[in-house]
Amino acid sequence: MKKTLLSVLLFLFITALCAQDIKKVKSFVDKKDFEKAKTEIDAFLEKNPTNAQGWYYKSVIYGNLASSEQFKSMNPDGRTVAFEAFKKAMDNSKDNKELMVMMVTDKDFYKPVLDLYTGYFDAAVATYGSGITTKNKEDFTKSMNLFISADSVGKYIYTNKWYVIPEIDTLLILDIGKAAINGGNQEQALLYFKKIADAGIFRTKEDSTGYSLAYQWLALHYRDAEDEANFLKYASLGKQNFPKDDYFEALMLDHYRSKKDYDALFKGYSEVVAKYPDSLLYHVNYATELFNYVYNSDAGTKINNREEILKTVYKELEKAITLKPDYVTTNWLYGQYYFNAGIDVKEKIKDIKGAKPEDIKAKADLNAQAKEFFTMAIPYAEKALAGFEEGYKKTERSKYKSVTDLMQRIYTSLNQADKVKVYETKYDTADTKFVN
């Protein structure tokens, strides 16, 4: 009986001591004397390693140390310590009546863990800003790790339903990915951007600012990795989720061109020129793709629906000319279009072998038609040439020489030797003019 009484008294004595120690810690916290509070709580937990209140106050203390410019040097990894301490407090809370009462009565009880979430996030944003200023990849890497820590705390809060944080904290996940790509960490960028895209996230209630980056990066990453299935998956998702952003359509066009999948390429172009009817570049590029397919394909390539394709070239050039009559590239291509039309007609003459009057007439008619096409090519080629002559930029020299070569071929076909000579001279003197 005496032994039992002594045990109870000893327990009560120890409990009283613990309570006194916790009160002492709390008094330092209330005074914001976190330096002394740190010393007291570390000593207390060394003796009472399972005390939930102790771990709770350690979380409070180390969280404040981490957020204070004055004290954060005392423990550079203070937020990590604080987070682990808060989790230990929760793990031991069932057997601690005092802590249970605090959880119910103290409206700020969960503030330490919420402060860790915002503290990590704010530190990450600041470090990201530093990276932008310094162009230092290490700053972006630090920022990425801080964002990841904020996400870990956020997940913990979400799991326990202490605060309204979404299961996928979309802006935070996006920030992790952005910091990762700026820090050169493709593995982490891939991990976090996929979380956004695979969850079908492309906007907040307010707007979609920034979210297209995840889809753009994924599509480009998988294209460069030659992973066609994933490339098409994320490019298609991007096209679907961001219908006003033509990045994904342009990327898919490049992909189909590189694969020489002309059916898909031309189908894609027909869709984008319909979607962006006032886009000069799409009309010109579509016409260029079709023209090169007809006239510059690999030997042996079978061109189906050749005449229909050339009609589309004409339609796209006409649209481009109406959008910007003086655009050099359109005029250059239009000159080639009519010159090649004349050559195509000349080829038909070779198929007429007879010498009958009707054969002679047919040849004459075709020659007249070819001459008409060659003549129609001239004003477009001249306008293109004039455009390249403005400023005589060195970067435009090869294009200028290509147009002068075209003019030589046009006038050769028209049997105008004097004109041929003019453009031969222009060609030969180009290197002395285009020097800037």
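Residues numbered from 1 in each chain as written. Predicted model: local features only at pLDDT ≥ 70, side-chain atom pairs only at ≥ 80, totals over all residues. Heavy atoms only, no water.

Colleague: So what about the overall build of the protein? Which residues, and what values?
Modeller: Helix and strand counts for the protein come out as 19 helices and zero strands. On C-alpha atoms alone, the protein measures out to a radius of gyration of 37 Å, which is more than a quarter above the 22 Å that the 2.2 N^0.38 rule sets for 436 residues. Structurally, the protein occupies a C-alpha span of about 140 × 45 × 35 Å along its principal axes. In the protein, which comprises 436 residues, the proportion classed as buried is 41%. Here the protein has roughly 24800 Å² of accessible surface; of this, 54% comes from carbon and sulfur atoms. (Helix = DSSP H or I, 4+ residues; strand = E, 2+ residues; numbered from the N terminus. Rg over C-alpha atoms; globule rule 2.2 N^0.38 Å. Buried < 20%, exposed > 50% of the residue type's maximum accessible area, 1.4 Å probe, protein only. Areas by Shrake-Rupley, 256 points an atom, 1.4 Å probe, with all protein chains shown as cover.)

Colleague: Explain the nonpolar core to me, and be specific about the residues and the numbers.
Modeller: Within the largest apolar cluster, 121 residues are counted, with the highest numbers of intra-cluster contacts made by Y56, I196 and I410. Once residues lying within four places of it in the same chain are set aside, the contact partners of Y56 are F86, A89, L99, M102, D108, F109 and P112. (Core = buried A, V, L, I, M, F, W, Y, C linked by side-chain atoms within 4.5 Å. Contact = heavy atoms within 4.5 Å.)

Colleague: So what's going on with the pattern of salt bridges? Residues and values would help.
Modeller: For the structure on display, the rule yields 27 salt bridges. Two residues, D42 and K38, come together in a salt bridge whose shortest N-O distance is 3.2 Å. Of this pair, D42 and K38 both sit in helix 2 (residues 34-47), four residues apart, roughly one helical turn. In this structure, K426 engages E389 in a salt bridge whose closest nitrogen and oxygen atoms are separated by 3.2 Å. Placement of K426 in helix 19 (residues 417-433) and of E389 in helix 17 (residues 357-389) is noted, with a sequence separation of 37 residues between them. Look at the salt bridges and you will find they share partners, linking K38, D42 and K58 into a network. (Salt bridge = Lys/Arg side-chain N within 4 Å of Asp/Glu carboxyl O.)

Colleague: Explain the packing of helix 14 (residues 280-295) against helix 15 (residues 306-323) to me, and be specific about the residues and the numbers.
Modeller: One way to put it is that helix 14 packs onto helix 15 with a least axis distance of 8 Å and a crossing angle of 150°. Considered as vectors, helix 14 and helix 15 are oriented roughly antiparallel to each other. At the point where helix 14 passes helix 15, the crossing takes the left-handed sense. On the side of helix 14, the interface is formed by L280, H283, V284, Y286, A287, L290, F291, Y293, V294 and Y295, while helix 15 contributes R306, I309, L310, T312, V313, E316, L317, K319, A320 and L323. (Axes fitted to C-alpha atoms, helices over the stretch in contact; angles between N-to-C directions. Parallel < 35°, antiparallel > 145°, perpendicular 65-115°, else oblique. Left-handed = near helix turned anticlockwise from the far one by under 90°.)

Colleague: Outline the side chain of H255, supporting the account with residue identities and numerical values.
Modeller: If you trace the backbone, H255 turns up in helix 12 (residues 247-258). Owing to a relative accessible area of 8%, H255 belongs among the buried residues under this scheme. At a separation of 3.0 Å, a polar atom in the side chain of H255 contacts the side chain of E228. Excluding residues within four positions of it along the chain, H255 makes contact with E228, F231 and L232. (Polar contact = N/O pair within 3.5 Å; in protein donor to acceptor, adjacent residues only side chain to side chain.)

Colleague: So what's going on with the environment of A214? Residues and values would help.
Modeller: Along the polypeptide, A214 turns up in helix 10 (residues 212-224). The sequence separation of A214 and E372 amounts to 158 residues, and the corresponding C-alpha distance is 53 Å. Ignoring any residue separated from it by four or fewer positions in sequence, one finds A214 in contact with F193 and I196.

Colleague: I'd love a proper account of helix 6 (residues 111-134), names of residues and values included.
Modeller: Here helix 6 spans 34 Å end to end across 24 residues, near enough to the 34 Å set by a 1.5 Å rise per residue. Among the residues of helix 6, P112, V113, L116, Y117, G119, Y120, A124, T127, Y128 and G131 are the ones counted as buried. Contacts from the buried residues of helix 6 go to helix 3 (52-67), helix 4 (78-91), helix 7 (137-160) and helix 8 (170-182). K135 occupies a position one or two residues after helix 6 and carries a positive phi of about 60°. (Expected span 1.5 Å × (residues − 1).)

Colleague: Quick one: what's the story with the confidence of the model for the protein, residue by residue and with numbers?
Modeller: Mean pLDDT for the protein: 90, with 93% of residues reaching 70 or above. Across residues 1-17 the pLDDT falls below 50, and counting only partners more than four positions away or on other chains, this stretch makes zero contacts in the model. (pLDDT = per-residue confidence, 0-100.)

Colleague: Would you mind going over the packing of aromatic side chains in detail, with residue names and values included?
Modeller: Counted under the stated rule, the structure contains 36 aromatic pairs. Pairing F291 with Y295 gives two aromatic rings, centres 4.8 Å apart and planes at 50°, and the pair type is tilted. In this pair, F291 and Y295 are both assigned in helix 14, four residues apart and thus about one turn of the helix distant. Assessed through its relative accessible area of 3%, F291 is described here as buried. (Phe/Tyr/Trp six-rings, centres within 6.5 Å; stacked < 30°, edge-to-face > 60°.)

Colleague: Run through the side chain of S212, naming residues and quoting values.
Modeller: Relative to the elements of secondary structure, S212 occurs in helix 10. Residue S212 is classed as buried on the basis of its relative accessible area, which comes to 17%. Sequence-distant contacts of S212, defined by excluding residues within four places in its chain, comprise F242, D245 and F248.

Colleague: Tell me about the packing of helix 6 against helix 8, and please be specific about residues and values.
Modeller: Look at helix 6 against helix 8: their axes get within 12 Å of each other, and the N-to-C directions meet at 35°. Of the two elements, helix 6 crosses helix 8, and the hand of that crossing is left-handed. Judged by residue contacts, Y117, F121 and Y128 of helix 6 engage L172, D175, K178, A179 and N182 from helix 8.

Colleague: How would you summarise unusual backbone geometry if you had to cite specific residues and measurements?
Modeller: Even without glycine at this site, K32 takes up a positive phi of about 60°. With respect to the secondary-structure elements, K32 resides in the loop between helix 1 (2-30) and helix 2. The class for K32 is exposed, based on a relative accessible area of 59%. Backbone geometry at K135 places phi at a positive 60°, although glycine is not the residue there. Following the sequence through the fold, K135 ends up in the loop between helix 6 and helix 7.

Colleague: Just give me the short version of helix 9 (residues 186-198), but keep the residues and values in it.
Modeller: The first and last C-alpha atoms of helix 9 sit 17 Å apart over 13 residues, in line with the 18 Å expected at 1.5 Å per residue. The set of residues buried in helix 9 consists of A189, Y192, F193, I196 and A197. All buried residues of helix 9 project into a common sector of 140° when viewed along the axis, lining one side. Turning to helix 9, the residues buried within the fold contact helix 7, helix 8, helix 10 and helix 11 (228-241). Count one or two residues on from helix 9 and you reach G200, which has phi positive near 70°. (Arc of directions from axis to C-beta.)

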